[in-house]
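# Commentary on secondary and tertiary structure
Okay, here's what each chain looks like letter by letter:
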Amino acid sequence: MTSAHPSQNARPDRPAISVVAHRGASEDAPEHTLAAYRKAIEDGADALECDVRLTADGHLVCVHDRRVNRTSNGRGAVSALELADLATLDFGSWKEGIEDAYGEAPDRQHEDPERTSVLTLERLLELVADADRRVELAIETKHPTRWAGQVEERLVELLDRFGYAKPAMSTDWTSPVRVMSFSARSLHRLRAAAPGIPGVYLMQFLTPRYRDGRLPVGVGIAGPGMRIIRAHPEYVAKAHRAGHRVHVWTVNDADDVELCQELGVDAVITNRPKQVRSQLGLG
């Protein structure tokens with residue numbers, strides 16, 4: 001990771017906070033597009049975050065919503081569409097707000113395909129592998145889905161092809177990939193198939209079961225939402241005492257960045273990696 005100027009936080013013995021680009025540099029470019037991830041790497045992000053869904057013909061694609069309606073000019077569930085169907089859609093112009101006088105979208109042949117084309121996880125992994133520095137990747141599996149365990153199965157197969165699913169061969173090597181989910185069952189499947197890949201248990205609400213810092217068996221990273229951190233700032237210390245790291249989402253406001261810094265969280269997931277890195281004194 002890049003850490004030219006370690007940030008100051010409540011625990012000065014801890015490494016600098018890792019800055020994770022949420023769906024890429026999604027404030028500046030359409031989310032989950034190759035352009036958004038290239039921009040995040042240029043902006044110095046330590047890691048990239050993406051959501052993955054399985055298409056009808058078995059490809060993992062980077063799309064957040066169950067349906068493509070919000071982020072493309074198409075309609076329908078990702079799980080019911082084939083990759084070739086998704087390849088015909090425009091996944092970028094909604095962000096740009098570009099329409100002509102009649103409300104029609106512009107001709108795609110004049111657009112940058114890196115800002116408009118659907119992104120496969122395989123292509124994103126290639127981008128990470130080709131980077132001139134270590135760039136980590138946080139992959140969120142979306143559930144529930146009609147494909148259930150097939151998502152994790154295909155994910156492990158793909159990560160194994162890139163050499164990211166193997167157990168650590170030495171103490172100084174760790175996989176640059178981690179898998180996140182709100183589903184403990186999904187993380188259990190990943191751990192059973194690829195125990196070398198770290199898991200992140202995402203939390204929208206702090207349930208009594210995990211309020212003391214515990215996590216599902218085999219999971220080492222807590223992923224609380226920023227709402228939890230504001231309401232229960234003591235949770236960070238509890239998770240650390242339990243031996244877990246804390247990765248917080250989605251941290252965009254300067255006040256939230258400052259709070260995370262004061263509490264000593266391990267990573268912040270943000271739409272604004274460049275600005276957050278600047279605030280943390282990382283570049």
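Residues numbered from 1 in each chain as written. Predicted model: local features only at pLDDT ≥ 70, side-chain atom pairs only at ≥ 80, totals over all residues. Heavy atoms only, no water.

Turning our eyes to something else, we now look at the nonpolar core. L48, L121 and L124 are the most contacted members of the largest nonpolar core, which totals 62 residues. Beyond its immediate sequence surroundings of up to four residues, L48 is in contact with V20, A21, Y37, A40, I41, L124, V128, V135, E136, L137 and A138. In terms of nonpolar packing, the next biggest core, distinct from the first, is built from ten residues, V61, V63, L83 and L89 among them. (Core = buried A, V, L, I, M, F, W, Y, C linked by side-chain atoms within 4.5 Å. Buried < 20%, exposed > 50% of the residue type's maximum accessible area, 1.4 Å probe, protein only. Contact = heavy atoms within 4.5 Å.)

Applying the stated rule across the entire model yields 18 salt bridges. Where R214 meets D212, a salt bridge forms, and the shortest distance between an N and an O atom there is 2.9 Å. Using a relative accessible area of 39% as the deciding quantity, one classes D212 as partly exposed. Residues participating in the shared-partner salt-bridge network are R23, E31, D51, D65, R70, E140 and K142. (Salt bridge = Lys/Arg side-chain N within 4 Å of Asp/Glu carboxyl O.)

Among the eight residues of strand β2 (residues 47–54), eight are classified as buried, and the element is accordingly described as predominantly covered. Here strand β1 (residues 18–22) runs beside β2; their pairing, made up of three bridges, is parallel. The residue of β2 that forms the bridge with V20 is A47. Relative to strand β4 (residues 136–141), β2 runs parallel, the two being bridged by six bridges. Residue D51 lies in a different strand from β4, and its bridge partner there is E140. The hairpin formed by β2 and strand β3 (residues 60–61) contains five residues between the paired strands, and G58 there has a positive phi angle of roughly 90°. (Helix = DSSP H or I, 4+ residues; strand = E, 2+ residues; numbered from the N terminus. Pairing = 2+ DSSP bridges.)

This paragraph deals with the packing of aromatic side chains. Counting across every chain of the model gives three aromatic pairs. Residues F162 and Y164 carry aromatic rings whose centres are separated by 6.1 Å and whose planes lie at 25° to one another, so their mutual orientation is stacked. What makes F162 partly exposed here is its relative accessible area of 23%. Owing to a relative accessible area of 12%, Y164 belongs among the buried residues under this scheme. Between Y201 and Y210, the aromatic rings sit 5.3 Å apart at their centres with planes inclined by 65°, giving edge-to-face as the arrangement. Like Y210, Y201 is buried. (Phe/Tyr/Trp six-rings, centres within 6.5 Å; stacked < 30°, edge-to-face > 60°.)

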